[in-house]
Protein chains: 2
Amino acid sequence: MEMMRLSFNQATAERASLPEVVEACARHGIPYVSLWRHKIAETGLDVAVRLVRDAGLTVSSVCRGGMFPAATAEERARRIEDNLRAVDEAAALGAEVLVLVCGAAPDKDIGAARAMVADGIAAVVPYAAERGVTLGIEPLHPAFAGERSCITTLREARRLAEHFPRGIVGVVADVYHIWWDPELYEELDAAAPRLVAYHVNDWLVPQTNVLLGRGMMGDGVIDLARIGAAVERAGYMGPIEVEIFNEAVWAMPLDELLPLVKRRFVEHG
Amino acid sequence: MEMMRLSFNQATAERASLPEVVEACARHGIPYVSLWRHKIAETGLDVAVRLVRDAGLTVSSVCRGGMFPAATAEERARRIEDNLRAVDEAAALGAEVLVLVCGAAPDKDIGAARAMVADGIAAVVPYAAERGVTLGIEPLHPAFAGERSCITTLREARRLAEHFPRGIVGVVADVYHIWWDPELYEELDAAAPRLVAYHVNDWLVPQTNVLLGRGMMGDGVIDLARIGAAVERAGYMGPIEVEIFNEAVWAMPLDELLPLVKRRFVEHG
């Protein structure tokens, strides 16, 4: 993939601060960055906005909103309120997309959790529309259904998004979460009008840690070329985020990590 | 669930030998047992057949056939041959079902692996029909798509089974593998004519090890009552296997484990 579409998701450098990541991306000629809220909070939103602008970077997305299901109405309201603040941050940073990791059931009722997600998104949509931020529903790998997201497939994410206006609610396709899907290519086609972000990384074999064992593009078994072509065919032409949660990757100095990410992105992204 | 439907899958007692499991199941009044091929091989098939018969147990299934995809035609032929031997073992033990864990791609081409699975099953079907053994396609959790099974959903398993005669090829529903599916209940209904086995256990939260961290029924987040009712509604009235891969469970003496399994099966199974 061409370098001009590369976005460095800062979760790939979890040990680095936001200023460090922004400075390194600019120096290594990476055009986009994706920022996480805990890192934005550490730095302060205003400082983050200035750093990104001064560095000439574009923020492809802010991670993450969502986490809507909770055991009580009070807690659900608090989560929705927190999502409004996430929308504010995305708007301030000029990020087109706020990525939603939707949240898991607080109990055994995954169906009820799914309804809470739909209700939560509905509550955030008017504010997101007003602020010009697109909510990107990211289906997570079913391995995270118990702890992070009851939304587990592209189809489910797309059907949920379709309850809301196009342009306000879309779908985020991350290869790690969707590569196994027997209906992947049909669903990428079906999601085409809603695709608002595309994330790359790889699925390592053997897989020793589903959460913190993601691989660098090319090191695993995901057919990135074929999935990337399908995403292109679906008409998605925006930035492509490299997002890798991996202790070994996190241990790399930024000046080794970023050249590696660029090389693998061009070769496999 | 009623005790008369309980089948103890011996993977739940991986540290015990086949004779130990058979003896303990009989003594604890468990009517069915599910046996694994590496344990049958340790004991010898003829001895296993005799032990099971003398103990008055019924073998609900033999685990496992499958593992069809491989890089070379020679290796794929060898795998098919091995499946014929698995059919022999199931037939000798009077097991109605040979569980198929279908196998993963030897490379990045999961689509090609799926075709190899279909071809492999087709090659085994005539022999299975002759020997009166049903091949049960078990969709595995997508977390295993890179290493154990390219067949990851109930729908995919059912559609694959439908290429073959009913009664010869069916579908195995294991709650651990399918509980997250947004179309679970529709798919259990759709699979009704093909359902040949039902496995229970639980999904622990937090999940620390996808392979060896399955939980005892009631210890996790799976809505066993609702899924069990759907399986019943689908018309499946056969044995229900308890299959738990878990180091802590494996460390329990059989005379503690089996009463616990019985209690949890009756309460949650």
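Remember, it's a predicted structure, so these values are computed and weren't measured experimentally.

### Things to note about the overall build of chain A
Looking only at helices and strands, chain A features eleven helices and ten strands. Computed over C-alpha atoms, the radius of gyration of chain A comes to 17 Å, within 12% of the 18 Å expected from 2.2 N^0.38 for 269 residues, which places it in the range of a compact globule. Burial analysis of chain A (269 residues in total) assigns 59% to the buried set. By sequence separation, contacts in chain A at least 24 residues apart represent 80% of the contacts at least 6 residues apart. Carbon and sulfur atoms make up 53% of the accessible area of chain A, which amounts to about 9800 Å² in all. Mean positive and mean negative side-chain charge positions of chain A (27 and 38 charges, respectively) differ by 1 Å.

### Brief notes about the nonpolar core
Grouped together as the largest cluster of nonpolar side chains are 179 residues, with contacts concentrated most on Ile 121 of chain A together with Ile 121 of chain B. For this core, the element with the most residues is helix α5 (residues 110-131) of chain A, which contributes eight residues. For Ile 121 of chain A, the contacting residues outside a window of four places in its chain are Phe 68, Leu 100, Leu 135, Ile 137, Leu 160, Phe 164 and Val 169 of chain A.

### Focus: the UniProt feature "domain: Xylose isomerase-like TIM barrel" (unreviewed entry) in chain A
As recorded in UniProt, the sites labelled "domain: Xylose isomerase-like TIM barrel" (unreviewed entry) are residues 22-248 of chain A. Helix makes up 43% of residues 22-248 of chain A and strand 19%. Its end C-alpha atoms lie 21 Å apart.

### Here we look at the sheet that holds strand β10 (residues 240-242) of chain B
Hydrogen bonds between backbone atoms are what pair the strands of a sheet, whose relative direction is either parallel or antiparallel. Residues and elements named next belong to chain B. Ordered by their spatial adjacency, eight strands build a closed barrel running β1-β2-β3-β4-β5-β6-β7-β10, and the pairing between neighbours is parallel. Averaged over all adjacent pairs, the angle separating strand axes in this sheet is 30 degrees, with direction ignored. As defined by bridge partners, strand β5 (residues 134-137) adjoins strand β6 (residues 169-174) across three bridges and the pair is classed as parallel. Paired with Gly 136 across the strands is Gly 170, a residue of β6. Against the sheet, helix α4 (residues 73-92) contacts β3 (58-66), β4 (97-101) and β5, and its axis sits at roughly 150 degrees relative to β4.

### Some points on the pairing of strand β1 (residues 6-9) of chain A
All names here are of chain A. Burial of the side chains of β1 extends over both faces: Leu 6 and Phe 8 are buried on one face and Ser 7 and Asn 9 on the other. Taken together, the three bridges between β1 and strand β10 (residues 240-242) define a ladder with parallel strand orientation. The residue bridging Leu 6 from the neighbouring strand is Ile 240, located in β10. In the sheet, β1 pairs with strand β2 (residues 32-36) via three bridges, with the strands oriented parallel.

### Looking at the pairing of β5 of chain B
Residues and elements named next belong to chain B. Burial along β5 is two-sided: Thr 134 and Gly 136 facing one way and Leu 135 and Ile 137 facing the other are all buried. As paired elements, β4 and β5 share four bridges and run parallel to each other. Bridge pairing in β5 places Val 99 opposite Gly 136. For the segment spanning β5, helix α6 (residues 154-161) and β6, crossover handedness is right-handed.

Rules behind the numbers
- Residues numbered from 1 in each chain as written.
- Chains lettered and ligands numbered in written order.
- Predicted model: local features only at pLDDT ≥ 70, side-chain atom pairs only at ≥ 80, totals over all residues.
- Heavy atoms only, no water.
- Helix = DSSP H or I, 4+ residues; strand = E, 2+ residues; numbered from the N terminus.
- Rg over C-alpha atoms; globule rule 2.2 N^0.38 Å.
- Buried < 20%, exposed > 50% of the residue type's maximum accessible area, 1.4 Å probe, protein only.
- Contact = heavy atoms within 4.5 Å.
- Areas by Shrake-Rupley, 256 points an atom, 1.4 Å probe, with all protein chains shown as cover.
- Lys, Arg positive; Asp, Glu negative; His and termini not counted.
- Charge placed at Lys NZ, Arg CZ, Asp CG, Glu CD.
- Core = buried A, V, L, I, M, F, W, Y, C linked by side-chain atoms within 4.5 Å.
- UniProt positions renumbered as here; feature names shortened; annotations may be inferred.
- Pairing = 2+ DSSP bridges.
- Axes fitted to C-alpha atoms, helices over the stretch in contact; angles between N-to-C directions.
- Right-handed = clockwise from strand over helix to strand, strands pointing away.

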